[in-house]
Amino acid sequence: MTNTNKIQQTLRDSKAARWGALVLLASAMFFGYIFMDILSPLQELLQIQREWDPAAYGRYAGSETFLNVFVFFLIFAGIILDKMGVRFTAILSGSVMFLGAAVNYYAVSDAFVGSSAETFMNNFMNLPLSWWNITPFFDGMPASAKMSAIGFMFFGCGVEMAGITVSRGIVKWFKGKEMALAMGVEMAIARIGVAVVVLGSPVLASIDPVSVSRPVAVAVLLLLIGLISFICYAFMDKKLEKQLGENDEEKDDPFKVSDLGKIFSSKVFWLVALLCVLYYSAIFPFQKYAINMLQCNLSFSAEQAGWIFFVFPLGAAAITPFLGNFLDKKGKGATMLILGAVLMIVCHLSFALLLPATQSVLVAYLGIVLLGISFSLVPAALWPSVPKLVDSRLLGSAYAVIFWIQNIGLYAFPMIIGSVIQSSNPGVTNPLEYNYTVPMLVFASLGVFALILGFMLKAEDKKKGYGLELPNIKE
Ligand SMILES: NCCCC[C@H](N)C(=O)NCC(=O)O
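What you see is a predicted model, and the numbers here were worked out from it, not measured in a lab. (Residues numbered from 1 in each chain as written. Predicted model: local features only at pLDDT ≥ 70, side-chain atom pairs only at ≥ 80, totals over all residues.)

Here we take up the overall build of the protein. Per the secondary structure count, the protein includes 18 helices and 0 strands. Computed over the C-alpha atoms, the radius of gyration of the protein is 22 Å, within 12% of the 23 Å expected from 2.2 N^0.38 for a compact globule of 475 residues. A principal-axis box enclosing the C-alpha atoms of the protein has dimensions of 75 × 55 × 40 Å. The buried share among the 475 residues of the protein stands at 51%. Contacts in the protein between residues at least 24 apart in sequence constitute 84% of all its contacts with a sequence separation of at least 6. (Helix = DSSP H or I, 4+ residues; strand = E, 2+ residues; numbered from the N terminus. Rg over C-alpha atoms; globule rule 2.2 N^0.38 Å. Buried ≥ 20, exposed ≤ 12 C-beta atoms within 10 Å, placed from the backbone. Contact = placed C-beta atoms within 7 Å.)

Structure representation (C-alpha coordinates):
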(Lines give C-alpha, C1' and ligand atoms only; values in the text may rest on other atoms or scores of the structure.)
Protein backbone atom coordinates (compact mmCIF):
# COMPACT_ATOMS: atom_id res chain seq x y z
CA MET A 1 0.00 0.00 0.00
CA THR A 2 1.37 3.45 -0.91
CA ASN A 3 1.59 6.31 1.57
CA THR A 4 -1.30 8.18 -0.08
CA ASN A 5 -3.50 5.10 0.16
CA LYS A 6 -2.65 4.76 3.84
CA ILE A 7 -3.74 8.35 4.54
CA GLN A 8 -7.07 7.88 2.75
CA GLN A 9 -8.05 4.70 4.58
CA THR A 10 -10.61 5.41 7.30
CA LEU A 11 -12.87 3.36 9.50
CA ARG A 12 -15.70 3.60 6.98
CA ASP A 13 -13.54 1.84 4.39
CA SER A 14 -13.74 -1.26 6.56
CA LYS A 15 -16.88 -3.21 5.70
CA ALA A 16 -17.10 -4.66 9.22
CA ALA A 17 -16.79 -1.23 10.84
CA ARG A 18 -19.41 0.51 8.71
CA TRP A 19 -21.91 -2.36 9.02
CA GLY A 20 -21.14 -2.45 12.76
CA ALA A 21 -22.03 1.25 12.93
CA LEU A 22 -25.25 0.46 11.06
CA VAL A 23 -26.18 -2.30 13.53
CA LEU A 24 -25.81 0.17 16.42
CA LEU A 25 -27.88 2.86 14.68
CA ALA A 26 -30.54 0.43 13.46
CA SER A 27 -30.91 -1.24 16.88
CA ALA A 28 -31.82 2.07 18.49
CA MET A 29 -34.39 2.72 15.70
CA PHE A 30 -35.77 -0.82 16.06
CA PHE A 31 -36.46 -0.21 19.76
CA GLY A 32 -37.93 3.20 18.90
CA TYR A 33 -40.40 1.63 16.43
CA ILE A 34 -41.32 -0.98 19.02
CA PHE A 35 -42.24 1.69 21.56
CA MET A 36 -44.09 3.75 18.93
CA ASP A 37 -46.79 1.07 18.58
CA ILE A 38 -46.57 -0.69 21.93
CA LEU A 39 -50.08 0.36 23.01
CA SER A 40 -51.74 0.00 19.57
CA PRO A 41 -52.85 -3.63 20.07
CA LEU A 42 -53.96 -2.95 23.68
CA GLN A 43 -56.82 -0.52 23.11
CA GLU A 44 -59.41 -2.86 24.62
CA LEU A 45 -57.27 -3.48 27.72
CA LEU A 46 -56.65 0.25 28.14
CA GLN A 47 -60.40 0.75 28.12
CA ILE A 48 -60.93 -1.98 30.74
CA GLN A 49 -57.98 -1.25 33.05
CA ARG A 50 -57.48 2.52 32.60
CA GLU A 51 -60.85 3.74 31.23
CA TRP A 52 -59.41 5.12 27.98
CA ASP A 53 -62.27 5.47 25.47
CA PRO A 54 -61.51 5.73 21.70
CA ALA A 55 -61.35 9.55 21.95
CA ALA A 56 -58.74 9.34 24.74
CA TYR A 57 -56.74 6.76 22.81
CA GLY A 58 -56.94 8.87 19.63
CA ARG A 59 -55.63 11.96 21.45
CA TYR A 60 -52.84 9.92 23.04
CA ALA A 61 -51.83 8.50 19.63
CA GLY A 62 -51.91 11.96 18.00
CA SER A 63 -49.70 13.44 20.73
CA GLU A 64 -46.66 11.72 19.15
CA THR A 65 -46.44 14.31 16.37
CA PHE A 66 -47.83 17.29 18.33
CA LEU A 67 -44.59 19.02 19.42
CA ASN A 68 -42.87 18.17 16.15
CA VAL A 69 -45.60 19.82 14.11
CA PHE A 70 -46.86 22.72 16.20
CA VAL A 71 -43.76 23.66 18.19
CA PHE A 72 -41.51 23.03 15.14
CA PHE A 73 -39.41 20.66 17.22
CA LEU A 74 -38.29 18.75 14.12
CA ILE A 75 -36.95 21.92 12.51
CA PHE A 76 -34.90 22.62 15.66
CA ALA A 77 -33.79 18.98 15.65
CA GLY A 78 -32.45 19.41 12.09
CA ILE A 79 -30.55 22.55 13.07
CA ILE A 80 -29.12 20.79 16.15
CA LEU A 81 -28.06 17.88 13.93
CA ASP A 82 -26.31 20.08 11.37
CA LYS A 83 -24.68 22.26 14.04
CA MET A 84 -23.74 19.63 16.64
CA GLY A 85 -23.26 16.54 14.49
CA VAL A 86 -24.50 12.95 14.48
CA ARG A 87 -22.81 11.88 17.72
CA PHE A 88 -24.32 14.50 19.98
CA THR A 89 -27.76 14.35 18.36
CA ALA A 90 -27.89 10.54 18.53
CA ILE A 91 -27.28 10.56 22.29
CA LEU A 92 -29.68 13.47 22.79
CA SER A 93 -32.46 11.79 20.79
CA GLY A 94 -31.89 8.44 22.55
CA SER A 95 -32.17 10.19 25.94
CA VAL A 96 -35.32 12.11 24.96
CA MET A 97 -36.94 8.89 23.65
CA PHE A 98 -36.07 7.06 26.86
CA LEU A 99 -37.26 9.82 29.23
CA GLY A 100 -40.52 10.37 27.31
CA ALA A 101 -41.17 6.63 27.30
CA ALA A 102 -40.44 6.39 31.05
CA VAL A 103 -43.09 9.07 31.73
CA ASN A 104 -45.50 7.15 29.50
CA TYR A 105 -44.79 3.99 31.49
CA TYR A 106 -45.33 5.72 34.84
CA ALA A 107 -48.70 7.02 33.59
CA VAL A 108 -50.04 3.53 32.78
CA SER A 109 -48.44 1.82 35.78
CA ASP A 110 -50.22 1.00 39.05
CA ALA A 111 -47.96 3.53 40.84
CA PHE A 112 -49.79 6.37 39.08
CA VAL A 113 -53.21 5.28 40.38
CA GLY A 114 -54.08 7.38 43.45
CA SER A 115 -50.85 9.43 43.24
CA SER A 116 -50.65 13.23 43.56
CA ALA A 117 -49.62 13.27 39.88
CA GLU A 118 -52.99 11.70 39.05
CA THR A 119 -54.81 14.41 41.04
CA PHE A 120 -52.79 17.09 39.24
CA MET A 121 -53.47 15.61 35.80
CA ASN A 122 -57.19 15.38 36.53
CA ASN A 123 -57.25 19.18 36.65
CA PHE A 124 -54.83 19.65 33.75
CA MET A 125 -55.90 21.13 30.36
CA ASN A 126 -59.61 20.40 30.65
CA LEU A 127 -60.41 21.83 27.21
CA PRO A 128 -63.71 21.16 25.43
CA LEU A 129 -63.61 18.37 22.85
CA SER A 130 -64.43 20.62 19.89
CA TRP A 131 -62.96 21.28 16.42
CA TRP A 132 -60.55 24.03 17.53
CA ASN A 133 -59.02 21.86 20.24
CA ILE A 134 -56.09 20.36 18.38
CA THR A 135 -54.17 19.61 21.59
CA PRO A 136 -53.82 16.03 22.83
CA PHE A 137 -55.98 16.88 25.90
CA PHE A 138 -59.69 17.32 26.60
CA ASP A 139 -62.08 17.62 29.49
CA GLY A 140 -63.00 14.16 30.79
CA MET A 141 -59.86 12.49 29.41
CA PRO A 142 -58.50 10.07 32.05
CA ALA A 143 -55.50 11.47 33.98
CA SER A 144 -53.39 8.47 32.94
CA ALA A 145 -54.11 9.20 29.25
CA LYS A 146 -53.15 12.87 29.66
CA MET A 147 -49.90 11.97 31.44
CA SER A 148 -49.17 9.28 28.81
CA ALA A 149 -49.75 11.86 26.08
CA ILE A 150 -47.13 14.14 27.68
CA GLY A 151 -44.61 11.30 27.75
CA PHE A 152 -45.48 10.18 24.22
CA MET A 153 -45.16 13.75 22.95
CA PHE A 154 -41.54 13.87 24.12
CA PHE A 155 -40.93 10.34 22.89
CA GLY A 156 -42.22 11.51 19.48
CA CYS A 157 -39.65 14.33 19.46
CA GLY A 158 -36.91 11.84 20.32
CA VAL A 159 -37.86 9.20 17.79
CA GLU A 160 -38.17 11.62 14.86
CA MET A 161 -34.89 13.28 15.86
CA ALA A 162 -33.36 9.81 15.98
CA GLY A 163 -34.81 9.08 12.52
CA ILE A 164 -33.09 12.04 10.87
CA THR A 165 -29.89 11.38 12.82
CA VAL A 166 -29.76 7.75 11.73
CA SER A 167 -30.32 8.74 8.06
CA ARG A 168 -27.56 11.36 8.35
CA GLY A 169 -25.30 8.83 10.08
CA ILE A 170 -25.85 6.26 7.33
CA VAL A 171 -24.93 8.84 4.67
CA LYS A 172 -21.78 9.65 6.67
CA TRP A 173 -20.63 6.02 6.74
CA PHE A 174 -21.96 4.71 3.43
CA LYS A 175 -21.80 7.56 0.90
CA GLY A 176 -20.35 6.23 -2.36
CA LYS A 177 -20.77 2.68 -1.03
CA GLU A 178 -23.87 0.54 -0.29
CA MET A 179 -25.86 3.53 1.02
CA ALA A 180 -29.35 2.55 -0.19
CA LEU A 181 -28.81 -1.06 0.92
CA ALA A 182 -27.82 0.20 4.38
CA MET A 183 -30.90 2.45 4.56
CA GLY A 184 -33.04 -0.45 3.32
CA VAL A 185 -31.66 -2.77 6.01
CA GLU A 186 -32.24 -0.10 8.68
CA MET A 187 -35.87 0.36 7.56
CA ALA A 188 -36.41 -3.40 7.31
CA ILE A 189 -35.28 -3.79 10.93
CA ALA A 190 -37.66 -0.98 11.95
CA ARG A 191 -40.58 -2.71 10.14
CA ILE A 192 -39.77 -5.96 11.97
CA GLY A 193 -40.17 -3.90 15.16
CA VAL A 194 -43.74 -3.05 14.12
CA ALA A 195 -44.49 -6.71 13.29
CA VAL A 196 -43.02 -7.88 16.61
CA VAL A 197 -45.17 -5.43 18.54
CA VAL A 198 -48.44 -6.38 16.81
CA LEU A 199 -48.05 -9.94 18.09
CA GLY A 200 -45.75 -9.52 21.13
CA SER A 201 -47.43 -6.71 23.04
CA PRO A 202 -50.74 -8.59 23.70
CA VAL A 203 -48.77 -11.72 24.68
CA LEU A 204 -46.75 -9.80 27.31
CA ALA A 205 -49.86 -8.04 28.59
CA SER A 206 -51.80 -11.27 29.00
CA ILE A 207 -49.30 -13.00 31.34
CA ASP A 208 -51.05 -13.50 34.69
CA PRO A 209 -51.87 -11.00 36.26
CA VAL A 210 -53.00 -9.27 33.07
CA SER A 211 -51.28 -5.88 32.91
CA VAL A 212 -51.35 -3.13 30.33
CA SER A 213 -48.15 -1.59 31.70
CA ARG A 214 -45.93 -4.72 31.42
CA PRO A 215 -45.28 -4.44 27.65
CA VAL A 216 -44.60 -0.72 28.12
CA ALA A 217 -42.03 -1.50 30.85
CA VAL A 218 -40.26 -3.98 28.54
CA ALA A 219 -40.25 -1.44 25.69
CA VAL A 220 -38.77 1.23 28.00
CA LEU A 221 -35.95 -1.16 28.92
CA LEU A 222 -35.34 -1.81 25.22
CA LEU A 223 -35.08 1.96 24.70
CA LEU A 224 -32.39 2.03 27.38
CA ILE A 225 -30.48 -0.56 25.34
CA GLY A 226 -31.09 1.69 22.31
CA LEU A 227 -29.53 4.63 24.15
CA ILE A 228 -26.52 2.46 25.01
CA SER A 229 -26.25 1.52 21.30
CA PHE A 230 -26.19 5.22 20.40
CA ILE A 231 -23.47 5.83 23.01
CA CYS A 232 -21.38 2.97 21.56
CA TYR A 233 -21.97 4.41 18.09
CA ALA A 234 -20.68 7.78 19.33
CA PHE A 235 -17.27 6.22 20.07
CA MET A 236 -17.05 4.87 16.51
CA ASP A 237 -18.20 8.18 15.09
CA LYS A 238 -15.56 10.06 17.07
CA LYS A 239 -12.84 7.76 15.77
CA LEU A 240 -14.07 8.21 12.19
CA GLU A 241 -14.18 11.98 12.53
CA LYS A 242 -10.64 12.02 13.89
CA GLN A 243 -9.50 10.01 10.86
CA LEU A 244 -11.41 12.24 8.44
CA GLY A 245 -9.73 15.28 10.06
CA GLU A 246 -8.74 17.79 7.48
CA ASN A 247 -10.26 15.83 4.60
CA ASP A 248 -13.72 16.67 5.90
CA GLU A 249 -15.15 19.32 3.54
CA GLU A 250 -17.89 20.18 6.01
CA LYS A 251 -15.31 21.56 8.46
CA ASP A 252 -14.24 24.27 5.95
CA ASP A 253 -17.77 25.40 5.25
CA PRO A 254 -19.86 24.87 8.40
CA PHE A 255 -23.67 24.97 8.51
CA LYS A 256 -25.37 28.36 9.04
CA VAL A 257 -29.04 28.71 9.96
CA SER A 258 -29.45 31.16 7.06
CA ASP A 259 -28.57 28.23 4.73
CA LEU A 260 -32.05 26.86 5.42
CA GLY A 261 -33.30 29.33 2.78
CA LYS A 262 -31.42 27.23 0.20
CA ILE A 263 -33.54 24.22 1.15
CA PHE A 264 -36.83 26.09 1.07
CA SER A 265 -36.09 27.72 -2.29
CA SER A 266 -35.24 24.44 -4.04
CA LYS A 267 -37.99 23.18 -6.35
CA VAL A 268 -36.74 19.60 -6.32
CA PHE A 269 -36.71 19.61 -2.51
CA TRP A 270 -40.40 20.60 -2.45
CA LEU A 271 -41.26 17.87 -4.96
CA VAL A 272 -39.65 15.27 -2.67
CA ALA A 273 -41.19 16.72 0.52
CA LEU A 274 -44.71 16.84 -0.96
CA LEU A 275 -44.39 13.38 -2.45
CA CYS A 276 -43.30 12.16 0.97
CA VAL A 277 -46.22 13.70 2.88
CA LEU A 278 -48.81 12.50 0.35
CA TYR A 279 -47.42 8.98 0.18
CA TYR A 280 -46.88 8.46 3.91
CA SER A 281 -50.29 10.01 4.75
CA ALA A 282 -51.81 7.11 2.84
CA ILE A 283 -49.65 4.59 4.72
CA PHE A 284 -49.31 5.32 8.45
CA PRO A 285 -52.85 6.74 8.94
CA PHE A 286 -54.17 3.80 6.87
CA GLN A 287 -52.35 1.49 9.29
CA LYS A 288 -54.50 2.89 12.13
CA TYR A 289 -57.74 1.91 10.35
CA ALA A 290 -56.61 -1.15 8.40
CA ILE A 291 -57.66 -3.78 10.96
CA ASN A 292 -61.12 -2.26 11.38
CA MET A 293 -61.49 -1.90 7.58
CA LEU A 294 -60.66 -5.60 7.08
CA GLN A 295 -63.01 -6.58 9.91
CA CYS A 296 -65.88 -4.59 8.36
CA ASN A 297 -65.35 -6.04 4.87
CA LEU A 298 -64.65 -9.65 5.82
CA SER A 299 -66.67 -9.98 9.04
CA PHE A 300 -63.44 -11.09 10.74
CA SER A 301 -62.32 -10.84 14.35
CA ALA A 302 -59.60 -8.31 15.17
CA GLU A 303 -57.15 -11.22 15.54
CA GLN A 304 -57.96 -12.71 12.11
CA ALA A 305 -57.68 -9.27 10.50
CA GLY A 306 -54.40 -8.74 12.39
CA TRP A 307 -52.91 -11.84 10.74
CA ILE A 308 -53.71 -10.44 7.27
CA PHE A 309 -52.29 -7.05 8.20
CA PHE A 310 -49.15 -8.67 9.68
CA VAL A 311 -48.03 -9.50 6.10
CA PHE A 312 -47.63 -5.77 5.42
CA PRO A 313 -44.69 -4.81 7.69
CA LEU A 314 -43.09 -8.24 7.33
CA GLY A 315 -43.34 -8.18 3.53
CA ALA A 316 -41.91 -4.67 3.46
CA ALA A 317 -39.09 -5.78 5.78
CA ALA A 318 -38.26 -8.70 3.49
CA ILE A 319 -38.14 -6.72 0.23
CA THR A 320 -36.75 -3.28 1.20
CA PRO A 321 -33.05 -4.33 1.48
CA PHE A 322 -33.14 -5.98 -1.98
CA LEU A 323 -34.59 -2.83 -3.51
CA GLY A 324 -31.95 -0.77 -1.69
CA ASN A 325 -29.29 -3.01 -3.20
CA PHE A 326 -30.91 -2.61 -6.64
CA LEU A 327 -30.84 1.19 -6.25
CA ASP A 328 -27.15 1.11 -5.27
CA LYS A 329 -26.17 -0.99 -8.27
CA LYS A 330 -28.66 -0.03 -11.00
CA GLY A 331 -30.25 3.26 -9.90
CA LYS A 332 -33.80 4.04 -11.18
CA GLY A 333 -34.78 5.88 -7.98
CA ALA A 334 -37.42 8.15 -9.58
CA THR A 335 -38.95 5.20 -11.48
CA MET A 336 -39.19 3.24 -8.20
CA LEU A 337 -41.08 6.14 -6.60
CA ILE A 338 -43.54 6.19 -9.53
CA LEU A 339 -44.06 2.42 -9.41
CA GLY A 340 -44.55 2.54 -5.62
CA ALA A 341 -47.28 5.18 -6.00
CA VAL A 342 -49.02 3.15 -8.75
CA LEU A 343 -49.08 0.01 -6.55
CA MET A 344 -50.47 1.99 -3.64
CA ILE A 345 -53.29 3.39 -5.82
CA VAL A 346 -54.16 -0.13 -7.07
CA CYS A 347 -54.20 -1.45 -3.49
CA HIS A 348 -56.35 1.34 -2.04
CA LEU A 349 -58.74 1.23 -5.02
CA SER A 350 -59.15 -2.52 -4.60
CA PHE A 351 -59.92 -1.99 -0.88
CA ALA A 352 -62.39 0.76 -1.81
CA LEU A 353 -64.29 -1.04 -4.57
CA LEU A 354 -63.33 -4.69 -5.05
CA LEU A 355 -63.11 -5.88 -1.43
CA PRO A 356 -66.62 -4.73 -0.39
CA ALA A 357 -68.07 -6.22 -3.59
CA THR A 358 -66.31 -9.61 -3.33
CA GLN A 359 -65.63 -9.87 0.45
CA SER A 360 -62.76 -12.08 -0.64
CA VAL A 361 -59.83 -12.92 1.66
CA LEU A 362 -57.69 -13.40 -1.46
CA VAL A 363 -58.39 -9.82 -2.58
CA ALA A 364 -57.47 -8.64 0.94
CA TYR A 365 -54.16 -10.57 0.89
CA LEU A 366 -53.34 -9.41 -2.67
CA GLY A 367 -54.02 -5.79 -1.70
CA ILE A 368 -51.84 -6.04 1.40
CA VAL A 369 -49.03 -7.71 -0.57
CA LEU A 370 -49.16 -4.94 -3.21
CA LEU A 371 -49.05 -2.33 -0.45
CA GLY A 372 -46.08 -4.12 1.14
CA ILE A 373 -44.20 -3.98 -2.19
CA SER A 374 -45.13 -0.31 -2.58
CA PHE A 375 -43.97 0.42 0.99
CA SER A 376 -40.63 -1.13 0.08
CA LEU A 377 -40.20 0.69 -3.24
CA VAL A 378 -40.91 4.21 -2.02
CA PRO A 379 -38.89 4.32 1.24
CA ALA A 380 -36.01 2.39 -0.41
CA ALA A 381 -35.81 5.03 -3.15
CA LEU A 382 -36.90 8.18 -1.32
CA TRP A 383 -34.50 8.47 1.61
CA PRO A 384 -31.27 7.61 -0.25
CA SER A 385 -32.25 10.15 -2.96
CA VAL A 386 -32.16 13.14 -0.60
CA PRO A 387 -28.31 13.35 -0.47
CA LYS A 388 -28.34 13.63 -4.28
CA LEU A 389 -30.50 16.75 -4.09
CA VAL A 390 -29.14 18.66 -1.10
CA ASP A 391 -25.71 19.93 -0.07
CA SER A 392 -24.29 17.53 2.56
CA ARG A 393 -23.90 20.37 5.12
CA LEU A 394 -27.68 20.85 5.01
CA LEU A 395 -28.62 17.20 4.98
CA GLY A 396 -29.75 16.99 8.62
CA SER A 397 -32.00 20.02 8.17
CA ALA A 398 -33.28 18.72 4.83
CA TYR A 399 -34.33 15.39 6.38
CA ALA A 400 -35.84 17.31 9.31
CA VAL A 401 -37.94 19.60 7.10
CA ILE A 402 -39.16 16.60 5.06
CA PHE A 403 -40.08 14.76 8.29
CA TRP A 404 -41.79 17.91 9.61
CA ILE A 405 -43.96 18.26 6.49
CA GLN A 406 -44.63 14.50 6.66
CA ASN A 407 -45.62 14.81 10.35
CA ILE A 408 -48.26 17.44 9.44
CA GLY A 409 -49.92 14.82 7.23
CA LEU A 410 -49.51 12.11 9.85
CA TYR A 411 -51.19 14.39 12.40
CA ALA A 412 -54.04 15.55 10.14
CA PHE A 413 -55.03 12.43 8.18
CA PRO A 414 -56.11 10.13 11.01
CA MET A 415 -58.54 12.90 12.03
CA ILE A 416 -59.63 13.62 8.44
CA ILE A 417 -60.27 9.92 7.81
CA GLY A 418 -62.14 9.65 11.12
CA SER A 419 -64.48 12.45 9.99
CA VAL A 420 -64.85 10.92 6.52
CA ILE A 421 -65.83 7.56 8.08
CA GLN A 422 -68.45 9.32 10.17
CA SER A 423 -69.89 11.46 7.39
CA SER A 424 -69.99 8.60 4.87
CA ASN A 425 -71.72 6.28 7.37
CA PRO A 426 -74.63 8.34 8.70
CA GLY A 427 -76.50 6.59 11.51
CA VAL A 428 -74.02 3.69 11.79
CA THR A 429 -73.05 3.16 15.44
CA ASN A 430 -71.60 -0.36 15.30
CA PRO A 431 -67.85 0.03 14.50
CA LEU A 432 -67.95 -3.33 12.69
CA GLU A 433 -70.50 -2.06 10.15
CA TYR A 434 -68.64 0.86 8.61
CA ASN A 435 -68.43 1.17 4.85
CA TYR A 436 -64.84 2.09 4.01
CA THR A 437 -65.28 2.93 0.30
CA VAL A 438 -65.04 6.73 0.62
CA PRO A 439 -62.14 6.75 3.14
CA MET A 440 -60.22 4.30 0.92
CA LEU A 441 -60.89 6.54 -2.11
CA VAL A 442 -59.39 9.43 -0.13
CA PHE A 443 -56.25 7.33 0.48
CA ALA A 444 -56.16 6.36 -3.23
CA SER A 445 -56.42 10.01 -4.27
CA LEU A 446 -53.36 10.82 -2.11
CA GLY A 447 -51.57 8.15 -4.15
CA VAL A 448 -52.66 9.85 -7.40
CA PHE A 449 -51.17 13.18 -6.27
CA ALA A 450 -47.99 11.37 -5.16
CA LEU A 451 -47.81 9.75 -8.61
CA ILE A 452 -48.07 13.14 -10.35
CA LEU A 453 -45.25 14.44 -8.14
CA GLY A 454 -43.23 11.32 -8.98
CA PHE A 455 -43.50 12.14 -12.71
CA MET A 456 -42.60 15.79 -12.05
CA LEU A 457 -39.57 14.67 -10.02
CA LYS A 458 -38.41 12.39 -12.82
CA ALA A 459 -38.79 15.22 -15.36
CA GLU A 460 -36.91 17.67 -13.09
CA ASP A 461 -34.15 15.10 -12.62
CA LYS A 462 -33.84 14.66 -16.39
CA LYS A 463 -33.66 18.44 -16.86
CA LYS A 464 -31.21 19.23 -14.05
CA GLY A 465 -29.25 15.96 -13.84
CA TYR A 466 -29.48 15.24 -10.10
CA GLY A 467 -28.69 11.61 -10.81
CA LEU A 468 -31.82 10.10 -9.24
CA GLU A 469 -31.87 7.40 -11.91
CA LEU A 470 -28.15 6.65 -11.52
CA PRO A 471 -26.64 3.97 -9.25
CA ASN A 472 -25.04 5.03 -5.93
CA ILE A 473 -22.00 2.83 -6.43
CA LYS A 474 -19.79 3.86 -9.30
CA GLU A 475 -18.06 0.87 -10.88
N1 LIG B 1 -45.63 6.85 13.46
C2 LIG B 1 -44.83 7.85 12.84
C3 LIG B 1 -43.83 7.24 11.94
C4 LIG B 1 -42.76 8.26 11.61
C5 LIG B 1 -41.94 7.81 10.51
C6 LIG B 1 -40.69 8.59 10.17
N7 LIG B 1 -40.85 10.01 10.13
C8 LIG B 1 -40.29 8.08 8.83
O9 LIG B 1 -40.77 8.54 7.81
N10 LIG B 1 -39.42 7.09 8.79
C11 LIG B 1 -39.04 6.43 7.59
C12 LIG B 1 -39.87 5.19 7.34
O13 LIG B 1 -40.01 4.81 6.15
O14 LIG B 1 -40.38 4.60 8.30
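What follows picks up the thread again.
Further remarks concern helix α17 (residues 395–424). Along its 30 residues, α17 runs 42 Å from first to last C-alpha, staying within 8% of the 44 Å computed at 1.5 Å per residue. When the local axis directions of α17 are compared, the greatest deviation, roughly 30°, occurs at Ala412, which is followed within four positions by the proline Pro414. (Expected span 1.5 Å × (residues − 1). Bend = angle between axes of the 7 residues up to and from the residue.)

Quick look at the site of the ligand now. In the vicinity of the ligand, the contacting residues are Met36, Glu160, Gly163, Met187, Ala190, Tyr280, Phe284, Pro379, Phe403, Gln406 and Leu410. For the shell around the ligand, the secondary-structure elements that each account for two or more residues are α7 (143–174), α8 (179–205) and α17. Here the shell around the ligand is composed, by residue class, of 8 nonpolar, 2 polar and 1 charged. When residues of the shell around the ligand are assigned to domains, at least three map to each of domain 1 (17–241) and domain 2 (257–475). (Near = placed C-beta within 6 Å. Nonpolar A, V, L, I, M, F, W, Y, C, P; charged D, E, K, R; others polar. Domains from an automatic or database assignment.)

Mean pLDDT for the protein: 92, with 96% of residues reaching 70 or above. Across the protein, helix α15 (residues 333–358) holds the top mean pLDDT of 98, while helix α1 (residues 3–8) sits lowest at 48. Counting interchain partners and residues more than four positions distant, the pLDDT-below-50 stretch residues 1–6 has 1 contact. In the predicted assembly, ipTM is 0.97 and pTM is 0.90. (pLDDT = per-residue confidence, 0-100.)

Here we come to the environment of Pro215. Position of Pro215 among the secondary structure elements: in helix α9 (residues 213–244). Non-local contacts of Pro215, meaning those with residues more than four positions away in its chain, are made with Ile38, Ser201, Leu204 and Ala205.

Quick look at the domain arrangement of the protein now. Entries for the protein in the domain assignment read domain 1 (17–241) and domain 2 (257–475). Look at where the C-alpha atoms of domain 1 and domain 2 centre, and you get two points 21 Å apart. Taken together, the contact between domain 1 and domain 2 spans 33 residues of the former and 36 residues of the latter. Every element with two or more residues in the side of domain 1 that touches domain 2 is listed here: α4 (54–70), α5 (73–108), α7 and α8.

For the pair helix α2 (residues 15–36) and α7, the least separation of the axes is 10 Å and the interaxial angle reads 160°. Put simply, α2 runs roughly antiparallel to α7. Two packed elements cross with a definite hand, and for α2 against α7 that hand is left-handed. On the side of α2, the interface is formed by Arg18, Ala21, Leu22, Leu25, Ala28, Met29, Gly32, Phe35 and Met36, while α7 contributes Phe155, Val159, Ala162, Gly163, Val166, Gly169, Ile170, Trp173 and Phe174. For the contact of α2 with α7, the residue count by class is 14 nonpolar, 3 polar and 1 charged. (Axes fitted to C-alpha atoms, helices over the stretch in contact; angles between N-to-C directions. Parallel < 35°, antiparallel > 145°, perpendicular 65-115°, else oblique. Left-handed = near helix turned anticlockwise from the far one by under 90°.)

We now examine the nonpolar core. Among the nonpolar cores identified, the biggest contains 163 residues, and Leu25, Met29, Ile170, Leu223, Leu275, Tyr279 and Leu337 are the most heavily contacted of them. If one sorts the elements of this core by residue count, α7 sits on top with 19 residues. Discounting residues that sit within four places of it in the chain, Leu337 has contacts with Leu275, Val378, Ala381, Leu382, Gly454 and Leu457. (Core = buried A, V, L, I, M, F, W, Y, C linked by C-beta atoms within 7 Å.)

Another point: helix α14 (residues 302–330). Relative to the 42 Å expected for 29 residues at 1.5 Å per residue, α14 spans 41 Å between its end C-alpha atoms, a close match to the ideal helical length. Within α14, the axis deviates most sharply at Ile319, by approximately 30°, and proline Pro321 lies no more than four positions further along.

A word on unusual backbone geometry. Peptide bonds are trans in most cases, and residues, glycine excluded, mostly fall at negative phi. Between Asp208 and Pro209 the backbone carries a cis peptide bond, its omega angle lying at -5°. Relative to the assigned elements, Pro209 resides in the loop between α8 and α9. Of note, the phi angle at Glu51 is positive, near 60°, even though the residue is not glycine. With 13 C-beta atoms packed within 10 Å, Glu51 lands in the partly exposed category. The phi torsion at Gln359 lies on the positive side, around 50°, for a residue other than glycine.

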